[in-house]
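So you can see what is in the structure, the chains are spelled out below.
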Amino acid sequence: MISNDVSNTETVRNVFIIDDKGIIRLILVYPMNVGRSIPEILRALTALQVADSNKLSMPANWIPCEPGILPVPKTFAELEARRREMEKNQNGMSWYLGFQNVKDCTVLDNSCECERIEEKKK
């Protein structure tokens, strides 16, 4: 929903998270009258890094060190293995929604490339 009194001439503030391959992974757009949430930006960055390193998806409102969502099985054999694992470990709701604890739940690398360049100059 967009308010009628929102200006179309004032700038907005954007946050882009770009991975090491130059791919934009996240875009957050904030209007002038709403402040950015640094804790949310850092949580999203951590979620992207942890999801990538564990080959999982992170659920809505994910908090670091909580379980991630397993990818959907691609074959019938994977589906059967998932079903058996879920019956044994009670770690899901159905064959398409299983959870797994993450191996590393911290920020993997939050340093900026420009910081690395500065270090090399020294």
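Everything below is about the structure shown above.
Residues numbered from 1 in each chain as written. Predicted model: local features only at pLDDT ≥ 70, side-chain atom pairs only at ≥ 80, totals over all residues. Heavy atoms only, no water.

Chemist: Quick rundown of the overall build of the protein? Include the residues and the values.
Modeler: Looking only at helices and strands, the protein features three helices and five strands. In the protein, the order of α-helices and β-strands from amino to carboxyl end is β-β-α-β-α-β-β-α. In the protein, 35% of the contacts between residues at least 6 apart in sequence involve partners at least 24 apart. Surface summary for the protein: the accessible area is close to 9400 Å², and the carbon and sulfur share equals 57%. (Helix = DSSP H or I, 4+ residues; strand = E, 2+ residues; numbered from the N terminus. Contact = heavy atoms within 4.5 Å. Areas by Shrake-Rupley, 256 points an atom, 1.4 Å probe, with all protein chains shown as cover.)

Chemist: Tell me about the sheet that holds strand 5 (residues 97–100), and please be specific about residues and values.
Modeler: Taking strand neighbours across the sheet as the criterion, the three strands line up as 3-5-4 in an open arrangement whose pairing is antiparallel. The outermost strands of the open sheet, each flanked by one partner alone, are strand 3 (68–69) and strand 4 (92–94). Judged from the two bridges that link them, strand 3 and strand 5 form a sheet pairing that is antiparallel. By the bridge assignment for strand 5, G68 is matched with Q100. (Pairing = 2+ DSSP bridges.)

Chemist: Lay out the pattern of salt bridges with the relevant residues and their values.
Modeler: Counted by the stated rule, this structure contains six salt bridges. Measuring nitrogen to oxygen at the nearest pair gives 2.8 Å for the salt bridge that ties E40 to R43. Linking E40 with R43, this pair stays in helix 1 (residues 38–54), spanning three residues, or about one helical turn. Owing to a relative accessible area of 31%, E40 belongs among the partly exposed residues under this scheme. A relative accessible area of 24% places R43 in the partly exposed class. Among the salt bridges present, the one from R83 reaches E80, with a minimum N-O distance of 2.8 Å. With R83 and E80 both in helix 2 (residues 76–89), this residue pair falls three residues apart, about one helical turn. Look at R83 and you get partly exposed, because its relative accessible area is 35%. Salt bridges sharing partners connect three or more residues here, namely D19, R25 and D52. (Salt bridge = Lys/Arg side-chain N within 4 Å of Asp/Glu carboxyl O. Buried < 20%, exposed > 50% of the residue type's maximum accessible area, 1.4 Å probe, protein only.)

Chemist: Describe helix 1, with residues and values.
Modeler: In an α-helix there are 3.6 residues to a turn, and that puts residues three or four apart on one side. Taking 1.5 Å per residue as the helical rise, helix 1 with its 17 residues ought to reach 24 Å, and the 24 Å between its terminal C-alpha atoms agrees with that figure. Residues I41, A44, T46, A47, Q49, V50, A51 and N54 constitute the buried set of helix 1. Close packing links the buried residues of helix 1 with strand 1 (13–18) and strand 2 (24–30). At the exit of helix 1 stands K55, carrying a positive phi of roughly 55 degrees. (Expected span 1.5 Å × (residues − 1).)

Chemist: If you had to explain the nonpolar core to someone new, which residues and values would you point to?
Modeler: With nine residues, the main nonpolar core is built from A47, V50, A51, L56, M58, W62, L70, V102 and C105. Non-local contacts of V102, meaning those with residues more than four positions away in its chain, are made with V50, N54, L56, M58, C65, E66 and G68. (Core = buried A, V, L, I, M, F, W, Y, C linked by side-chain atoms within 4.5 Å.)

Remember, this is a structural readout, not a statement about activity or role.
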